[in-house]
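Analysis of the macromolecular model
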Amino acid sequence: MEHLQTQGISLPRLGLGTFRLQGDACRAAVESAIGLGYRHIDTAEMYGNEEAIGAALAAARLPRGDLHVTTKVWHENLAPDAIRRAFDTSLNKLRLDHVDLYLVHWPSKTMNLPAIFETLMKLKEDGRARAIGVANFTVALLKTVVEDIKAPIACNQVEYHVMLDQTPLRRYLAAKAIPLVAYCPLAQGKVASDPTLMAIGRKHGASAAQVALKWLLDQDGVAAIPKASRAESQKANLDALNVGLDDEDMKAIAALPKDRRCVNPGFAPAWD
């Protein structure tokens, strides 16, 4: 598995997303993924599944250094004391003494960015979060965090797939050597029935979803965290790493519409 190096951590480029996975089904999915070779597990306090993931991680009995675990603080808990409480709760549920990456899940109009990152950097200095980062941050917000506050951001996790253009954001992140971690990398299943992707897949003996995933993972500085509850889907996503896309494929993918967003950025934090 290829890794991205960022802010002192080694981030596996393909991880397991766990949004909407709950309880025993979530635990089973994480155990299955680890058994197949996944070492990057992504969760968040808002997902309500950290306990199930903690149970799966404990059952796996892997050396802690072999696993990368990301969790996130919800936008309602961005006051410094609330961040610390949320972090402690997440760590307890995950049964870990540290997480590898701790992210601000969504920006909020009422947030105090300097206070937030002072708190996060203290968690990092204490070794309880090996690295810190953000999710769903715009270029303007990133500039404040990276250039003004000078926080050591390890990634920005955003929606990104073959049907959504993120060129301005990618250019900024690349200029600052900050990885983009793509959630909804399969556009919530929409890629599976796209005729262009299906045709490319037939050419390579792959599925449309595998083509879409490999397109992401072929890009410098990009990681992806597809959600997959079934072992067959998890294995298929791993096998996408073996697909070889050529210039003709890339041109066909570039011609696809790039305005199909699955997640409304203004949904809960009311950020626009």
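Scoring rules and cut-offs
Residues numbered from 1 in each chain as written. Predicted model: local features only at pLDDT ≥ 70, side-chain atom pairs only at ≥ 80, totals over all residues. Heavy atoms only, no water. 1 Å grid on protein atoms, 1.4 Å probe; cavity = no way out; pocket = protein on both sides within 12 Å on 5 of 7 lines; lining within 4 Å. Points joined across faces, edges and corners; volume = space filled by probe spheres on them. Helix = DSSP H or I, 4+ residues; strand = E, 2+ residues; numbered from the N terminus. Nonpolar A, V, L, I, M, F, W, Y, C, P; charged D, E, K, R; others polar. Salt bridge = Lys/Arg side-chain N within 4 Å of Asp/Glu carboxyl O. Buried < 20%, exposed > 50% of the residue type's maximum accessible area, 1.4 Å probe, protein only. Axes fitted to C-alpha atoms, helices over the stretch in contact; angles between N-to-C directions. Parallel < 35°, antiparallel > 145°, perpendicular 65-115°, else oblique. Left-handed = near helix turned anticlockwise from the far one by under 90°. Contact = heavy atoms within 4.5 Å. Pairing = 2+ DSSP bridges. Right-handed = clockwise from strand over helix to strand, strands pointing away. Disulfide = S-S within 2.5 Å.

**Observations regarding the layout of surface pockets**
Counted as a void, the largest pocket has a volume near 780 Å³. Surrounding the largest pocket, 36 residues form its lining, Phe-19, Cys-184, Pro-185, Gln-188 and Lys-227 being those nearest its centre. The element contributing the most residues to the lining of the largest pocket is helix H9 (residues 231–239), with 3 residues. When the residues that make up the lining of the largest pocket are grouped by side-chain class, the tally is 19 nonpolar, 12 polar and 5 charged.

**Examining the pattern of salt bridges**
Evaluation of the coordinates by the stated rule reveals 15 salt bridges. Residue Arg-64 pairs with Asp-100 through a salt bridge whose shortest N-O separation is 2.8 Å. Separated by 36 residues along the polypeptide, Arg-64 in the loop between helix H2 (50–60) and strand S5 (68–73) and Asp-100 in the loop between helix H3 (80–94) and strand S6 (101–104) bring together distant segments of the chain. In this structure, the salt-bridge partner of Arg-130 is Asp-100, at a minimum N-O distance of 3.1 Å. Taken as a pair, Arg-130 in the loop between helix H4 (113–125) and strand S7 (132–135) and Asp-100 in the loop between H3 and S6 lie far apart in primary sequence, 30 residues in all. Sharing partners across several salt bridges, the network here consists of Lys-203, Asp-246, Glu-248 and Asp-249.

**Some points on unusual backbone geometry**
Of note in this structure, Lys-150 is not a glycine but carries a positive phi near 60°. Secondary-structure assignment places Lys-150 in the loop between helix H5 (139–148) and strand S8 (153–159). According to the relative accessible area criterion, Lys-150 is exposed, its value standing at 61%. Phi angles above zero are rare outside glycine, and Ala-187 is one such case at about 50°. Looking at where Ala-187 falls in the secondary structure, it is placed in the loop between strand S9 (180–183) and helix H7 (195–204).

**Observations concerning the packing of H5 against helix H6 (residues 167–175)**
At their nearest, the axes of H5 and H6 sit 10 Å apart, and the two run at 10° to each other. When the interaxial angle is binned, H5 and H6 end up roughly parallel. The two elements H5 and H6 cross, and the hand of that crossing is right-handed. Two secondary-structure elements touch here, H5 through Val-139, Leu-142, Lys-143, Val-146 and Glu-147 and H6 through Pro-168, Leu-169, Tyr-172 and Leu-173.

**As for the sheet that holds S7**
If you trace the 8 strands from one edge of the open sheet to the other, you get S3-S4-S5-S6-S7-S8-S9-S10, paired in parallel fashion. This sheet does not close on itself; its edge strands, each paired only once, are strand S3 (16–17) and strand S10 (222–224). With 3 bridges connecting them, S9 and S10 associate as parallel partners. Looking at S10, one finds that Val-181 is bridged to Ala-223. Across the sheet, H3 touches S5 and S6, and the angle it forms with S5 is around 145°.

**Comments concerning the pairing of S9**
Burial of the side chains of S9 extends over both faces: Leu-180 and Ala-182 are buried on one face and Val-181 and Tyr-183 on the other. Judged from the 4 bridges that link them, S8 and S9 form a sheet pairing that is parallel. Looking at the pairing, Gln-157 lines up with Val-181 of S9. For the crossover from S8 across H6 to S9, the handedness is right-handed.

**Quick word on the environment of Val-162**
When you line up the elements, Val-162 lands in the loop between S8 and H6. Considered as a pair, Val-162 and Thr-89 are 73 residues apart in the sequence and their alpha carbons are 36 Å apart.

**Quick look at the state of the cysteines**
One covalent bond between the sulfur atoms of two cysteine residues makes up a disulfide. The full count for this structure, using the stated rule, is 0 disulfides. Counting only cysteine sulfurs, Cys-184 is the nearest neighbor of Cys-155, a cysteine outside any disulfide, at a range of 15 Å. For Cys-155, a relative accessible area of 0% gives the class buried. The thiol sulfur of Cys-262 is not disulfide-bonded, and the nearest other cysteine sulfur, from Cys-184, lies at 5.1 Å.

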